[in-house]
Amino acid sequence: MAIDHDSIRNAFLGLGLVGDQQSGILRRFGVILAANTSDFLVGREFDLIDSMGGEPSRRLTERVLIDAAQWCANSTFQGIMDSPEWKTLIEPNIKNIQDRLSGLVAITNCLGWGKIIDWHLTEENKTLYFSVKYSYYVDAYKRRYGKNSAFPICYMWTGVAAGYLDLLFGTSPNTFTATESNCSAIGGDLCAFEAKLAKTKFGFN
Amino acid sequence: MGTRENMIGMISINAERSVIKLGDVEIAYHCDKFNTRIFKGFEDTLGFEKARDLIFTSAHNTTYDNLVKIATGIIAGSKPADVIESLFELYKVLGYGNFMVQDAYENGGRVKGDPSYMAEGWLENQEKWHWTNRTQGVCHEEAGHIAAAWELAHNLKKGSVRVIETVCKAAGGPYCEFQIEVL
């Protein structure tokens, strides 16, 4: 049976995405969640780039942001896959690695990051392609700067693309690396990500 | 409906787009792994003080601007203590933790966070990722959220208050505590 994204979304949202009435802490799927405005999530990343001197050191700063997301993807989604909610809702329908990725996409699409609308995992080559519509980076960037970007900006998504593969193939973090091959902050309405085995440490391929 | 129910009612989910909003403001959920890793990356890159100031300022500015958009009904015409209580209830709903005003005086105040999201997240991951014990706080984004709430409650301009975390559970404290100073 294929992974039913609508059922997963309904079940996930049915768990209630709000903090506990007493503690204000939101534990779901084995992790502690918090909701922040996309203006803050994106703003802090561009504040970091700016504070590092902007363009000359941008590539290095981007690696810091992508690396954080890649570690996050590995740990977060491993925590999610270990959780009782995943074991009940999703695991029974997983027959292979493609199903596992599909389950991860279904959960990812519940978090307000935008929507993965298309994905392709090639097991032989260990590569992954996916595209995202409505990435939260795009509007937040345009609100902040009042214009399109000259370069791809969806750092969290880039780390997640590589993190998915680290997780799916059971390797240590940073075994894979990813790039954003198209970003709708530059133009168009889709962001696209491609992940593959890293040739070097820290993803400078 | 009570305050909490009103706050929860402000959250809407567009499943077709996978976009979540609080009122008209786009929000997204991230977990302790991502937020603590990002924070660690900032500290490793900038050092403690610059990272603290950057995260505080970013959270402060964006929270203030967005609360002005979505919380006018809470803020307008209410007493400062009531506004703060309502905004802290909103922070609970968003998963930031449980914040309580301990003292309020003319030029500032003191807020306790028990618990506070970032401290809980840090402690959750510290051992797993072999991070050393801290002597300094981690709740800079919470400090920014508190600053925004304090300014709006007291009808102050953005940037009128400074909030410093003086006790942090991630650095061995029994809870987190924030000192507010009106500049």
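Before reading on, note that the structure itself is shown above.
Parameters at a glance
- Residues numbered from 1 in each chain as written.
- Chains lettered and ligands numbered in written order.
- Predicted model: local features only at pLDDT ≥ 70, side-chain atom pairs only at ≥ 80, totals over all residues.
- Heavy atoms only, no water.
- Helix = DSSP H or I, 4+ residues; strand = E, 2+ residues; numbered from the N terminus.
- Rg over C-alpha atoms; globule rule 2.2 N^0.38 Å.
- Buried < 20%, exposed > 50% of the residue type's maximum accessible area, 1.4 Å probe, protein only.
- Contact = heavy atoms within 4.5 Å.
- Areas by Shrake-Rupley, 256 points an atom, 1.4 Å probe, with all protein chains shown as cover.
- Lys, Arg positive; Asp, Glu negative; His and termini not counted.
- Charge placed at Lys NZ, Arg CZ, Asp CG, Glu CD.
- Buried area = accessible area lost by both parts, 1.4 Å probe.
- Salt bridge = Lys/Arg side-chain N within 4 Å of Asp/Glu carboxyl O.
- Polar contact = N/O pair within 3.5 Å; in protein donor to acceptor, adjacent residues only side chain to side chain.
- Nonpolar A, V, L, I, M, F, W, Y, C, P; charged D, E, K, R; others polar.
- Pairing = 2+ DSSP bridges.

Enquirer: Please explain the overall build of chain B as it appears in this structure.
Expert: Summing up its helical and strand segments, chain B has seven helices and seven strands in all. Each helix and strand of chain B, placed in order from N terminus to C terminus, yields the pattern α-β-β-β-α-α-α-α-β-β-α-α-β-β. At 16 Å, chain B has a C-alpha radius of gyration in line with the 16 Å of a compact globule built from 183 residues. Summarising its shape, the C-alpha atoms of chain B cover approximately 50 × 45 × 25 Å along the three principal directions. Buried residues in chain B amount to 57% of all 183 residues. Pairs at least 24 apart in sequence give 60% of the contacts found in chain B among residues at least 6 apart. Just so you have it, chain B exposes about 7700 Å², and 46% of that area is on carbon and sulfur atoms. Distance between charge centroids for chain B: 3 Å, based on 19 positive and 25 negative side chains.

Enquirer: When you look at the interface of chain B and chain A in this model, what are you seeing that I'm missing?
Expert: It is common to report an interface's size as the accessible area lost on association of the parts. Between chain B and chain A, the contact holds 49 residues from the first and 51 residues from the second. Summed over both partners, the interface of chain B with chain A buries about 4600 Å², with 60% contributed by carbon and sulfur atoms. Summed over the three residues of chain B that lose the most area to chain A, namely Glu26, Tyr29 and His30 of chain B, the buried surface amounts to 15% of that side. Taken together, chain B and chain A are joined by two salt bridges. Where Arg44 of chain A meets Glu141 of chain B, a salt bridge forms, and the shortest distance between an N and an O atom there is 3.5 Å. Across the contact surface, chain B and chain A share 27 residue pairs in polar contact (both at pLDDT 80 or more). It is helix α2 (residues 32–46) of chain B that contributes the most residues to the side of chain B that touches chain A, 10 residues altogether. Broken down by class, the residue content of the side of chain B that touches chain A amounts to 24 nonpolar, 13 polar and 12 charged. The pairing of strand β2 (residues 31–37) of chain A with strand β3 (residues 25–31) of chain B spans five bridges and is classified as antiparallel. Opposite Leu33 of chain A, over in β3 of chain B, you have Cys31 of chain B as the bridge partner.

Enquirer: Just to check I follow, could you spell out the side chain of Asp32 of chain B for this structure?
Expert: Following the sequence through the fold, Asp32 of chain B ends up in helix α2. What Asp32 of chain B contacts, discounting residues up to four positions off in sequence, is Val31 and Ile32 of chain A together with Tyr117, Gly121, Glu124 and Asn125 of chain B.

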